[in-house]
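# Chains, contacts and geometry: an overview
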Amino acid sequence: MANRSEEAEYENDSRRNHQDKKKEGVLDLVLKRPLRWLRMLIEELHWSFFFGVIVVYGVSQGLGKGLSKVSTQYYFKDEQKIQPSQAQIYVGLIQIPWIIKPLWGLLTDVVPVWGYRRRPYFVFAGVLAMISMMVLWLHTNLHLALALSCLVAGSAGVAIADVTIDACVTQCSISHPTLAADMQSLCGLSSSIGSLVGFSLSGLLVHLVGSKGVYGLLGVTAGLLVVVGMVLKESPSRSLGRKHVNEKFLDAGSAIWKTFQYGEVWRPCLFMLLSAAVSLHIHEGMFYWYTDAKDGPSFSKEAVGSIMSFGAIGSLVGILLYQNFLKNFPFRNVVFWALSLSVLSGFLDLILVLRLNLKLGVPDYFFIVVDEFVSHMISRIKWLPLLVLSSKLCPAGMEGTFFALLMSIEHIGHLVSSWGGGVLLHALKVTRTQFDNLWLVIVIRSFLRVIPIGLVFLIPNVDSNSTILPAEMLTNRISEGVDTEKIEMTALISDEA
């Protein structure tokens, strides 16, 4: 009996130890490992870089995107009272500042302002965004043209801040190649968490203070960009004369042209352009159907915001999946499977619009939440390897300009897809009150997503640890008269706290 009692006690102790180890493993995965990862990034790249990424990606882009997307949709629909096809076109117009990101990047790379190459651009971006958002907030019965101008100006402020921090991210990707994927994951995590908070609050805020009131809040958050510009630790750069600046622009153009002559560079750029262009955006048509269709879900503002917050959660899960399981796989393989899943997920909208989910007993809200989660998760998994790849295609000394150029190529594709979606909605007569052909729009959109799968051969079959450009392009500096320490923020490469 004593032996049996001892055996039972031993089994109980073993079971408790196993449970304790399991709890510790979960705690390590959920809390300790992410904290160790963040601490490693801060130690390797300096806290100033970390702070800049959080503000630009987490607050300006993440939180700002979550708040502005929902408020702009309701602003167009309720304040300006335009058709979904028009709204889709105007959403594309708002993205134009992102297309000319190479200009902002070139300015930050070769044109110091008051002796600094980063800080003034952050300050200018914050001031521009604040003024434009305040005009939208305070002005009543604003004409559509002026409203669009303010939205474009606000977008320009965010884009200028983005290209400035992108230059720092790209520089660190070259100096710390093994951390390139980690840095993109940090950017993506900041953006997704900010978007999650923004989308979660957006519907409630639009309901409480209206779409114009949300623009006032965005003006306040834009002030953080000014703070970044004021506190950044940056070594002064030598001011250049007009003639010298012109020479630098010519040198930059020559370096860009030389880089694009490499097949490893122009082929993935062509892929990003074509894959984005043929993936038509019909978001505004779906939004009007969510809220205005007689046989649709008729979601409230709070419901729309909460649905989009699940999209942000999906993006976050996609980042975690890529960071923990996919970052060491070849770029081509990850993009291929993500595109394949994207084709299938596109048909979830068709099931919803045809109301098949109700016949299956699945409520609208639950189905749309799953759709939003899955589509954003797949989109993020597809986009992250392209971001990492882009950071490895930038010649030294032109990081901001060239990375901005690569991103602008993607934004041109998105502009084409947004306008193409608007044309398709208009051609098939999808309006504020007529949604009979929306199902056909979804079918066409989904089948067009197959095209990029046949273009994945344009992506290099390498992983995030590979070096793509020749060694001489990673050491040459366009900005003469300064060392590497003078080109980027001192905080990024200094060992000082």
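The rules behind these values
- Residues numbered from 1 in each chain as written.
- Predicted model: local features only at pLDDT ≥ 70, side-chain atom pairs only at ≥ 80, totals over all residues.
- Heavy atoms only, no water.
- Helix = DSSP H or I, 4+ residues; strand = E, 2+ residues; numbered from the N terminus.
- Expected span 1.5 Å × (residues − 1).
- Buried < 20%, exposed > 50% of the residue type's maximum accessible area, 1.4 Å probe, protein only.
- Patch = residues over 30% accessible without salt bridge, like charges linked within 9 Å, V, L, I, M, F, W, Y side chains within 5 Å.
- Areas by Shrake-Rupley, 256 points an atom, 1.4 Å probe, with all protein chains shown as cover.
- Salt bridge = Lys/Arg side-chain N within 4 Å of Asp/Glu carboxyl O.
- Contact = heavy atoms within 4.5 Å.

### So, helix α6 (residues 119–138)
A rise of 1.5 Å per residue sets the reference length of α6, with its 20 residues, at 28 Å; its end C-alpha atoms lie 29 Å apart and thus fit the reference within 8%. All of the buried residues in α6 are P120, Y121, F122, A125, G126, A129, S132, M133 and L136.

### Concerning a nonpolar patch on the surface
On the surface, I42, W47, F51, L224, V227, M230 and V231 cluster together into a nonpolar patch covering about 600 Å² of accessible area. Looking at the nonpolar patch, the elements that each hand over two or more residues are α2 (47–79) and α8 (180–231). Among the elements that make up the nonpolar patch, the one with the highest residue count is α8 (four residues). Position of W47 relative to the elements: it lies in helix α2. The partly exposed category is assigned to W47, whose relative accessible area is 45%.

### Details of the side chain of T291
Within the element layout of this structure, T291 appears in helix α11 (residues 283–292). Dropping the residues within four chain positions of it, T291 is found in contact with Y74, K77, S298, F299 and V304.

### Remarks on the side chain of Q73
Secondary-structure assignment places Q73 in helix α2. Looking at Q73, the relative accessible area reads 4%, which means it is buried.

### Things to note about the pattern of salt bridges
Scanning the model with the defined rule gives four salt bridges in all. Here D292 and K77 are joined by a salt bridge, their closest N and O atoms 3.4 Å apart. Placement of the pair is D292 in helix α11 and K77 in helix α2, with a sequence separation of 215 residues. Across the pair D364 and R355 runs a salt bridge, and its minimum N-O distance is 2.6 Å. A relative accessible area of 14% places R355 in the buried class. Salt bridges here are not isolated pairs; linked through shared partners, they connect K77, D78 and D292.

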